[in-house]
Amino acid sequence: MAAAATMAAAARELVLRAGASDLEEEEGPLGGGPGLQEPLQLGELDITSDEFILDEVDVHIQANLEDELVKEALKTGVDLRHYSKQVELELQQIEQKSIRDYIQESENIASLHNQITACDAVLERMEQMLGAFQSDLSSISSEIRTLQEQSGAMNIRLRNRQAVRGKLGELVDGLVVPSALVTAILEAPVTEPRFLEQLQELDAKAAAVREQEARGTAACADVRGVLDRLRVKAVTKIREFILQKIYSFRKPMTNYQIPQTALLKFRFFYQFLLGNERATAKEIRDEYVETLSKIYLSYYRSYLGRLMKVQYEEVAEKGFFSKPSLRSRNTIFTLGTRGSVISPTELEAPILVPHTAQRGEQRYPFEALFRSQHYALLDNSCREYLFICEFFVVSGPAAHDLFHAVMGRTLSMTLKHLESYLADCYDAIAVFLCIHIVLRFRNIAAKREVPALDRYWEQVLALLWPRFELILEMNVQSVRSTDPQRLGGLDTRPHYITRRYAEFSSALVSINQTIPNERTMQLLGQLQVEVENFVLRVAAEFSSRKEQLVFLINNYDMMLGVLMERAADDSKEVESFQQLLNARTQEFIEELLSPPFGGLVAFVKEAEALIERGQAERLRGEEARVTQLIRGFGSSWKSSVESLSQDVMRSFTNFRNGTSIIQGALTQLIQVYHRFHRVLSQPQLRALPARAELINIHHLMVELKKHKPNF
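Small disclaimer: the values here were computed from a predicted structure and weren't measured.

What follows is about the overall build of the protein. Across its full length, the protein carries 24 helices and 0 strands. Sorting the 711 residues of the protein into buried and exposed places 40% on the buried side. Of the roughly 40100 Å² that the protein leaves accessible, carbon and sulfur atoms contribute 53%.

Here is the structure:
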């Protein structure tokens with residue numbers, strides 16, 4: 001019974017919750033204790049079934065008992081039957097209230113129904129109208145698509161017709177030969193601008209015809225013959241014009257430069273021939289090479305021949321001991337003004353004109369002729385190389401080969417002439433100047449960006465350097481093998497051989513300073529050693545040491561003076577001869593003071609040595625000697641100094657050097673006499689009566705200054 005009551009209560013709860021769902025907001029939750037707001041989880045119950053099974057009911061009861069609401073109700077002790085009746089009563093009240101509400105709103109509901117019916121009718125009419133519109137739009141869209149298809153087809157046909165018209169127009173324009181073109185090619189001179197314009201047009205039409213022929217265009221046959229005849233006529237006129245003008249422009253030994261506009265025109269003509277008549281272009285190049293090669297060879301052969309007629313007569317001096325030439329002031333051992341040939345102003349000066357020099361009876365050394373010849377060769381070669389590169393449109397090895405095809409025979413002839421001349425040339429200064437001319441011309445060619453002459457410069461230097469070294473070695477050998485006894489009478493003045501050496505060495509040193517060369521310095525060093533030995537051998541021929549020293553000083557001084565005029569003060573040659581001169585000068589001064597003042601000098605040295613060794617007491621035994629020295633110096637020093645000065649001035653050719661020697665001798669004399677004073681101030685000699693006769697040092701200095709030569 002209890003289970004049945006529980007099931008009934010649960011059923012009522014479900015009914016109550018279903019019916020009161022609309023009134024929850026208004027009424028709030030039902031009372032009866034906490035936890036009753038939650039719905040009971042009763043599952044699916046069928047209490048009206050005739051086949052109700054008790055076991056299943058137990059299961060449902062057990063499940064409902066586990067519900068939180070049921071647990072809460074049982075826990076609080078609520079009477080479920082009373083609660084069930086209360087719920088049924090509330091449901092009835094709610095139901096009645098709902099019925100009253102529906103009755104009150106019946107008119108509104110009926111009005112709302114009528115409005116909905118009217119709206120449905122309006123919407124139906126709208127649907128019909130939209131359907132009609134949709135049908136009309138479908139028809140219009142179909143017509144638009146048709147028009148678009150027709151327009152696209154018309155555009156395609158238009159573009160095709162325009163493309164065909166453009167192609168046909170280009171073809172016709174490219175094939176038609178206008179009368180202006182024919183008239184210009186046949187009648188206009190090559191120099192006129194319209195010939196150049198129509199030649200470009202002819203070249204373009206020929207290219208167009210060739211292109212169309214490759215595509216199989218039959219219309220090309222109608223104009224091919226006309227274009228070929230015009231091309232032959234143009235090629236003939238261009239060939240004659242190019243050769244005529246080029247030869248007039250390419251005359252050697254002129255400073256005329258081809259105008260850039262003319263060069264551009266020639267180059268265009270040549271490129272036209274390369275594109276249309278390669279055989280003709282090759283003929284022009286070959287004819288140009290052959291003709292210019294002959295022109296250069298003929299001119300330079302003639303020019304060299306005329307140049308050699310204005311050269312100094314050959315001086316075949318093969319060593320320092322050959323007889324000097326009196327036929328010209330310019331010898332092979334003297335530089336003079338010859339070094340100016342490598343100065344910047346003279347190096348690129350205008351070339352010599354032989355017939356003008358012959359009329360004025362002017363003569364030039366070989367290096368001047370060499371400079372003129374090679375400057376002309378350099379200038380023409382640079383212009384020729386640049387012209388070849390620009391006109392024939394070549395560069396690198398191709399330009400180099402074409403240049404040598406034009407200038408090769410001229411360069412070979414020049415080398416042979418130089419080799420022939422050098423075989424009998426002993427002018428080392430001329431050869432050395434030629435070497436430096438080549439070095440400078442090579443730099444000029446490099447600045448002008450003309451590498452075509454590099455090999456030629458190397459060949460020229462390969463001829464000049466060995467000859468220069470051979471001449472120097474011959475001079476070294478001639479000095480080394482000379483016997484002074486075979487030179488005839490000797491005196492103490494500078495020997496002509498040392499003068500030659502000084503002039504020769506200073507010339508080479510001054511030239512070598514511009515572009516130093518170590519091999520040259522080595523050869524000059526060997527020559528210097530042999531000359532120094534030669535001077536010593538000649539000095540040994542004099543009987544007295546004084547004469548030997550005078551000879552050595554005169555020669556050293558002369559060589560040093562010549563060297564210092566051209567060589568740098570810190571050069572090895574200047575330094576070496578300065579040391580030799582100083583050493584021999586000091587020795588000569590001692591030799592010069594020895595006869596009149598030798599006793600005084602000897603005593604001072606001996607006394608200073610005794611004092612230094614602590615043996616000054618031994619000076620007491622020298623009183624008589626000291627007295628004699630004091631009185632002898634006081635009575636003869638003036639005459640001795642006068643005689644000494646005159647002897648020096650007679651012995652030395654260089655007055656300045658003689659003055660320096662006299663000054664050195666007097667200075668040394670004062671120093672010796674001053675040292676003599678200090679020796680006499682020692683205690684051992686301080687009481688010597690003769691000390692009163694000593695000459696005052698300052699007085700002596702004043703008197704000696706009177707004997708200094710004035711110039």
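Text resumes after the structure shown.
Another aspect to go through is the packing of helix α21 (residues 572–613) against helix α23 (residues 655–680). Relative to each other, α21 and α23 sit at 0 degrees, their axes nearing to 10 Å. In terms of orientation, α21 and α23 fall into the roughly parallel class. Its residues placed into classes, the contact of α21 with α23 shows 17 nonpolar, 4 polar and 5 charged.

Evaluation of the coordinates by the stated rule reveals 18 aromatic pairs. Judged by centre distance (6.1 Å) and plane angle (45 degrees), the rings of F366 and F370 are tilted. Taken together, the residues span about one helical turn, with F366 and F370 both in helix α14 (residues 366–391) at a distance of 4 residues. You can call F366 buried: its relative accessible area is 6%. Taking 4.5 Å as the distance between ring centres and 10 degrees as the angle between the ring planes, the aromatic pair formed by F432 and F468 counts as stacked. Within this pair, whereas F432 is found in helix α16 (residues 428–447), its partner F468 is found in helix α17 (residues 454–480), the two being separated by 36 residues in sequence. Relative accessible area serves as the criterion here: at 0%, F432 is assigned to the buried category. The structure contains a cluster of three or more aromatic residues connected by ring pairs, namely F597, F603, F633, W637, Y673 and F676.

Time to look at the packing of helix α7 (residues 179–187) against helix α8 (residues 193–214). Helix-helix packing: each pair is described by the crossing angle between the helix axes and the interaxial distance. The geometry of α7 relative to α8 is characterised by a closest axis approach of 9 Å and an angle of 120 degrees between their N-to-C directions. Judged by the angle between their axes, α7 and α8 are oblique. Handedness of the α7/α8 crossing: left-handed. From α7, A180, L181, T183, A184 and I185 reach across to α8, where they touch R194, F195, Q198, L199, E201, L202 and K205. Considering only residue class, the contact of α7 with α8 consists of 7 nonpolar, 2 polar and 3 charged.

If you check α8, its first and last C-alpha atoms are 32 Å apart, about what 22 residues at 1.5 Å a residue would give, namely 32 Å. Along α8, the positions that sit buried rather than exposed are F195, Q198, L199, L202, K205, A206, V209 and Q212. Axial view of α8: buried residues confined to an arc of 150 degrees, hence all on one face. Facing away from the buried side of α8 by over 90 degrees, the exposed positions are P193 and A214. Two residues or fewer past α8, G216 is found with a positive phi of approximately 85 degrees.

Applying the stated criterion across every chain yields a total of 19 salt bridges. The residue R409 makes a salt bridge to E290 at a minimum N-O spacing of 3.8 Å. With R409 in helix α15 (residues 397–422) and E290 in helix α11 (residues 278–307), this residue pair connects regions lying 119 residues apart in the sequence. Look at E290 and you get partly exposed, because its relative accessible area is 39%. Between E587 and R545 there is a salt bridge, with the nearest N and O atoms lying 2.8 Å from each other. Residue E587 is found in helix α21, and its partner R545 is found in helix α20 (residues 545–566); the two are separated by 42 residues along the sequence. Residue R545 is classed as partly exposed on the basis of its relative accessible area of 34%. Each of E348, D379, R383 and R448 takes part in a single network of salt bridges with overlapping partners.

What follows is about the side chain of N657. For N657, the position within the fold is in helix α23. Residues contacting N657, with those up to four places away along its chain left out, are I553, D557 and F652.

This paragraph deals with the confidence of the model for the protein. The pLDDT averaged across the protein works out to 79; a share of 81% of its residues lies at or above 70. Ranking the elements of the protein by mean pLDDT puts helix α2 (residues 24–27) last, at 40, and α16 first, at 93. Long-range and interchain partners of residues 253–257, a stretch whose pLDDT sits below 50, account for 13 contacts in this model, where long-range means more than four residues apart. Here residues 323–330 is a poorly scored stretch, pLDDT under 50, and it has 13 contacts once near neighbours within four places are set aside; other chains count.

With that settled, the discussion passes to unusual backbone geometry. Note: most residues except glycine have negative phi, and most peptide bonds are trans. One non-glycine residue, E449, lies in the positive phi region at around 60 degrees. Within the secondary structure, E449 sits in the loop between α16 and α17. By relative accessible area, which is 65% here, E449 ends up exposed.

It is worth spelling out the nonpolar core at this point. Counting residues in hydrophobic clusters, the biggest one holds 157 residues, and the most contacted among them are L464 and F676. Discounting chain neighbours no more than four positions away, the residues touching L464 are F370, L418, L422, V431, C434, I435 and V438. Within the second largest apolar cluster, 8 residues are counted, among which are Y303, L307, L352 and Y364.

Glancing now at the environment of P484. You can see P484 is positioned in the loop between α17 and α18 (496–512). What makes P484 buried here is its relative accessible area of 6%. With 55 residues separating them along the chain, P484 and A539 place their C-alpha atoms 9.1 Å apart. Those residues in contact with P484, other than ones at most four positions away along the chain, are L490, R537, V538 and E541.

Once that is clear, we can look at a nonpolar patch on the surface. Together, V122, M126, M129, L130 and F133 give the surface a local cluster of nonpolar side chains, amounting to about 480 Å² of exposed area. By the element assignment, L130 lies in helix α6 (residues 106–175). The exposed category is assigned to L130, whose relative accessible area is 52%.

Across its 20 residues, α16 extends 29 Å between first and last C-alpha, which sits within 8% of the 28 Å expected from 1.5 Å per residue. Counted residue by residue, α16 has 16 buried out of 20 residues, so it is predominantly covered. Its side-chain oxygen placed 3.3 Å from the backbone nitrogen of I429, D427 serves as the N-cap of α16.

Conventions adopted
Residues numbered from 1 in each chain as written. Predicted model: local features only at pLDDT ≥ 70, side-chain atom pairs only at ≥ 80, totals over all residues. Heavy atoms only, no water. Helix = DSSP H or I, 4+ residues; strand = E, 2+ residues; numbered from the N terminus. Buried < 20%, exposed > 50% of the residue type's maximum accessible area, 1.4 Å probe, protein only. Areas by Shrake-Rupley, 256 points an atom, 1.4 Å probe, with all protein chains shown as cover. Axes fitted to C-alpha atoms, helices over the stretch in contact; angles between N-to-C directions. Parallel < 35°, antiparallel > 145°, perpendicular 65-115°, else oblique. Nonpolar A, V, L, I, M, F, W, Y, C, P; charged D, E, K, R; others polar. Phe/Tyr/Trp six-rings, centres within 6.5 Å; stacked < 30°, edge-to-face > 60°. Left-handed = near helix turned anticlockwise from the far one by under 90°. Contact = heavy atoms within 4.5 Å. Expected span 1.5 Å × (residues − 1). Arc of directions from axis to C-beta. Salt bridge = Lys/Arg side-chain N within 4 Å of Asp/Glu carboxyl O. pLDDT = per-residue confidence, 0-100. Core = buried A, V, L, I, M, F, W, Y, C linked by side-chain atoms within 4.5 Å. Patch = residues over 30% accessible without salt bridge, like charges linked within 9 Å, V, L, I, M, F, W, Y side chains within 5 Å. Polar contact = N/O pair within 3.5 Å; in protein donor to acceptor, adjacent residues only side chain to side chain.

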